[in-house]
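# Notes for the structure review
Residue strings, one per chain:
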Amino acid sequence: MRIIVIDGQGGGIGKSLVEQLKKQFSSQHEILGIGINALATAAMVKAGADGGATGESAVCYNCAHADIIIGPIGLVLVGSMLGEVSAQIANAVASSEAEKVLIPVSRCHAHIAGVKDQPMGRFIEDALREVHQQILQNI
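Read on for a plain summary of the structure.

Parameters at a glance
Residues numbered from 1 in each chain as written. Predicted model: local features only at pLDDT ≥ 70, side-chain atom pairs only at ≥ 80, totals over all residues. Heavy atoms only, no water. Buried < 20%, exposed > 50% of the residue type's maximum accessible area, 1.4 Å probe, protein only. Helix = DSSP H or I, 4+ residues; strand = E, 2+ residues; numbered from the N terminus. Pairing = 2+ DSSP bridges. Polar contact = N/O pair within 3.5 Å; in protein donor to acceptor, adjacent residues only side chain to side chain. Contact = heavy atoms within 4.5 Å. Axes fitted to C-alpha atoms, helices over the stretch in contact; angles between N-to-C directions. Arc of directions from axis to C-beta.

## Some points on the pairing of strand β4 (residues 68-72)
- Counting buried residues along β4, five of its five residues qualify, which places the element largely inside the surrounding structure.
- Examined bridge by bridge, strand β1 (residues 2-7) and β4 share three bridges and lie parallel to one another. If you follow Ile3 over to β4, its bridge partner there is Ile68.
- Bridge count between β4 and strand β5 (residues 99-103): five bridges; the pairing is parallel. Pairing of Ile70 across the sheet is with Val101, part of β5.

## Examining the side chain of Asp7
- Within the element layout of this structure, Asp7 appears in strand β1.
- On the accessibility criterion, Asp7 (3% relative accessible area) is buried.
- Looking at Asp7, its side chain comes within polar contact range of the main-chain nitrogen of Ile13, at 3.2 Å.
- Reaching out from Asp7, the side chain makes a polar contact with the backbone nitrogen of Gly14 at a distance of 2.7 Å.
- Setting aside chain neighbours within four positions, we find Asp7 in contact with Gly12, Ile13, Gly14, Ile34, Gly35, Ile36, Ala40, Met44, Pro72 and Met81.

## Considering the sheet that holds strand β2 (residues 30-35)
- Strand order in the open sheet formed by five strands is β3-β2-β1-β4-β5, and the pairing between neighbours is parallel. Because the sheet does not close on itself, it has two edges, and the strands there are β3 (51-54) and β5. The sheet shows a mean angle of 20 degrees between the axes of neighbouring strands, taken without regard to direction.
- Each of β1, β2, β4 and β5 touches helix α1 (residues 12-25); the most contacted strand, β1, lies at about 155 degrees to it.

## Overview of helix α5 (residues 87-95)
- Within α5 the residues assigned to the buried category are Ile89, Ala90, Ala92 and Val93. Taken down its axis, α5 places every buried residue within 160 degrees of arc, on the same side.
- The elements touched by buried residues of α5 are β1, α3 (56-63), β4 and β5.

## Considering unusual backbone geometry
- Positive phi, close to 45 degrees, is recorded for Gln9, a residue that is not glycine.
- Turning to its location among the elements, Gln9 is positioned in the loop between β1 and α1.
- Positive phi is not limited to glycine here, since Met81 has a value of about 55 degrees.
- Its location among the elements puts Met81 in helix α4 (residues 80-83).

Right, here's the structure in full:
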């Protein structure tokens, strides 16, 4: 399976996701770090992503070729992440046929009803469990 981790800004969430995904699924699945900016891509590649690409075009291309997309909820909200998420990026993520695992991040100015505020590490653990479920369902 092709799992793409998408992040922007400093790439901290993406870096954590890539590290954990590599520990759990090291050689079984391709894990790519797709950054909205170069700093985010570099963080994910340094964390062990199998490859990395940067920018709007890279996000759009890889969303069309992914089995699973994982990243912050802001990826589907135009103008979020301090304006980094363009309409094209939000559309590419939202319209992709890939399964999407989106992490609720309040700094994206999106609050999901019913989701309790908790440390980012807990959200990442929950997201990784969901990725594992998606992989099991598709094998």
